[in-house]
Amino acid sequence: MTNQTIAAPSSKSVNSRSASRKFFKIGRFPGFGLTTLLFFLFLYIPIFILVIFSFNSGRSATIWDGFGLNWYAKAFNNDDIQRAAINSAIIALIATTIATILATLASLVLARSRKFKGQNISYSILMMPLIVPEIVTAVATLSFFSFVGLNLGIGNVIIAHTVFCIPFAFMPIRARLQGMDSTLEQAAMDLYANEWKAFRYVTFPLLMPGIISGAMLAFIISIDDFIITLMVSQAGSTTLPLYIYGMVRMGITPEINVVSSVMLFMSIIFVSLSYLIGRKK
Amino acid sequence: MPETAIEVRNITKKFGVHTEHEVTALDDVSISIKDNEFFTLLGPSGCGKTTLLRLIAGFEYSTRGQILLYGENLIGLPPQKRPINTVFQHYALFPHMTVAENVAFPMKMLGKDDGETKKAVNEKLELVKMQDFANRKPGQLSGGQQQRIALARALAPHPKVLLLDEPLSALDLKLRQEMRTELKNLQRETGITFIFVTHDQVEALTMSDRIAVMSVGKIQQRGCPTEIYEKPNNRFVADFIGETNLLEATVSKVEGNDIFCKLSDNIILKGEGETGKNVGDPVTLAVRPEKIALSPISEQTEGSFTGKINNSIYLGTDTTYIISVNGKSELASVEQNSAVGKVRFKIGDEVCINVADNAIRILED
Ligand SMILES: Nc1ncnc2c1ncn2[C@@H]1O[C@H](COP(=O)(O)OP(=O)(O)OP(=O)(O)O)[C@@H](O)[C@H]1O
Ligand SMILES: [Mg+2]
């Protein structure tokens, strides 16, 4: 039977046709589509429900009682939430600013200086925090802070956030810089700009989308962080994620849904903007 | 006697010194470029043209040697301190600035006031016929238009020397031909010394006052276009520029500057060039195909010799004949097709070969 198939003059084309059909069909295997669909449902239904129930007028986070913004009003007037939000904002703003400046400098050094020994290693070290498990970083940071006796209250959190924000700020800036033609800087210097002016008028404006994109990414990563913040924060430096966690343990109310939804919208907006600005020509 | 604008003295440039990838990009190069001259560096890819230009602009440091600008040593001066501007191969216009801002950039960096800057911008945009595009961004311009802006920008601060690194190579053929004349006119109008880099011999021959032919980091020959074309010194120059016949011969008699070379028993050719040859030395002769005239065998004249047409190639404006001489050497001869519908010789015809006076060069080894 097999012999016959091989010997048949048309077997080759038939075989290759069926092979290619199989190849293209692999994505349409029965069950694949359904699995993917279930995956998306599983991922997004809880978030969807969370957002819906933030608009619940009743007291429950599980029983729909009609549309209302009363929980939003309540959440925005809650002193603890306000304090946590302000803490989160202060930490994120300062950490983002410092991290973005450092990331910009690092990317300039790595991309624009003459090749130096350890250039690749420097790059790897910079990206390291992305692969070190967060709990490890958290524990390490905590023990380091107590080892050197650092006790700056919210300052501790800011320092920790700055450190893990750097690689996130670094990635879009570096991508931007790599796509940039270095002859532009040479042209600027040829046209009588000194190094600072070449940076100020040529490199920096062209790098700006990357810097903004990196800063937004760093900001949202900082706003969102839980594990490291939990470890290093002291009384008085509670951030929004820590506050939510504390509340959840006492039972879920639509107020938590509100805070979570607001954070979700902010994340979506920031990440989309970061992507759009980073992509800009 | 015109002043010397740029003097390159014994410049050697090595890359990757002390590594296994050491490259000598320039090897003891000396050139002197006169004030108000259109000077061209011509050579194949990788011969070190860009490196030399970057050294003059200040982007690289030489391993050895000096570069002088009107007698003043440039070594150690960064690019922004040299009154020399560059037109980059891919123009390097600042994409976030308008055309006018691009042209104004060097003026601002030099600390010129707004009035002077504005005047220079208008003047230079007019010079390159781009005044209507002042408010566009470079991304909204065609390649040829970007080229003009790059020129305007480099000329705005009125540099002493303008460096151009293959500025026409990114343009299509038609535009390239137009820009050749325009560049040449621009150089005459502004009176600025141009140093132009190209690997295109036609570009070099049509635009330059003088040419330096380079190969593997060395200057092979310097001279005006006719010298370079008609009196090549060596095999590289003869071969790189235009078409040429290279013939192996032996010196049979030396009379002052005239050297008589024996191509075969009955053919003796008078050549000039490389002196210091003695009777019996082997030499290479170069003759341009258009310097070889053919006539029917019946019209044999004094000093001519005979050959047989091996091949004829019709090229529209002219015809190239490949002729074998004594069954040994092959010669190409180009003849203009001035008469309509007539090809003078067919394959296999015996012809009489006349080489123009002083057309035979004896090449250095
Ligand atoms: N930064 C560098 N590092 C190492 N080698 C280099 C560097 N720049 C140039 N070279 C080498 O020096 C030689 C001359 O290069 P250069 O760019 O001057 O050539 P070119 O004549 O401009 O060629 P092309 O016509 O291709 O532009 C080449 O062999 C090149 O590989
Ligand atoms: Mg080059």
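Residues numbered from 1 in each chain as written. Chains lettered and ligands numbered in written order. Predicted model: local features only at pLDDT ≥ 70, side-chain atom pairs only at ≥ 80, totals over all residues. Heavy atoms only, no water.

**Observations concerning the sheet that holds strand β18 (residues 329–336) of chain B**
Residues and elements named next belong to chain B.
Consideration 1: One open sheet holds the five strands; their spatial order is β15-β19-β16-β17-β18, and the pairing between them is antiparallel. Unpaired on one side and paired on the other, β15 (292–296) and β18 mark the two borders of the sheet. The average angle at which neighbouring strand axes cross in this sheet is 45°, direction not considered. (Pairing = 2+ DSSP bridges. Helix = DSSP H or I, 4+ residues; strand = E, 2+ residues; numbered from the N terminus. Axes fitted to C-alpha atoms, helices over the stretch in contact; angles between N-to-C directions.)

**What to know about the domain arrangement of chain B**
All names here are of chain B.
Consideration 1: By domain assignment, chain B separates into domain 1 (4–236) and domain 2 (243–362).
Consideration 2: Put simply, the middle of domain 1 and the middle of domain 2, counted by C-alpha atoms, are 39 Å apart.
Consideration 3: Listed per partner, the contact involves seven residues of domain 1 and nine residues of domain 2.
Consideration 4: For the pair domain 1 and domain 2, the interface holds two salt bridges.
Consideration 5: Between E230 and K291 there is a salt bridge, with the nearest N and O atoms lying 3.2 Å from each other. (Domains from an automatic or database assignment. Contact = heavy atoms within 4.5 Å. Salt bridge = Lys/Arg side-chain N within 4 Å of Asp/Glu carboxyl O.)

**Digging into the pattern of salt bridges**
Residues and elements named next belong to chain B.
Consideration 1: Tallying each qualifying case throughout the model produces 21 salt bridges over all chains.
Consideration 2: Note that E182 is salt-bridged to K129, the shortest N-O span being 4.0 Å. Remark: K129 occurs in the loop between α3 (114–127) and α4 (143–155) and E182 occurs in helix α5 (residues 173–190); sequence separation between them is 53 residues.
Consideration 3: With its nearest N and O atoms 2.8 Å apart, the salt bridge here joins E335 to R344.
Consideration 4: Here the salt bridges share partners, and the residues they tie into one network are K13, R54 and E60.

**Structural notes on the packing of helix α5 (residues 79–112) of chain A against helix α6 (residues 119–127) of chain A**
Working note: a packed helix pair is described by the angle between its axes plus the distance between those axes.
Residue and element names in this part refer to chain A.
Consideration 1: Their axes nearest at 10 Å, the elements α5 and α6 cross at an angle of 155°. Between α5 and α6, the angle is such that the two are roughly antiparallel. Where α5 crosses over α6, the handedness of that crossing is left-handed. Taking contact as the criterion, the partners of A106, V109 and L110 in α5 are, on α6, Q119, S122, Y123 and L126. (Parallel < 35°, antiparallel > 145°, perpendicular 65-115°, else oblique. Left-handed = near helix turned anticlockwise from the far one by under 90°.)

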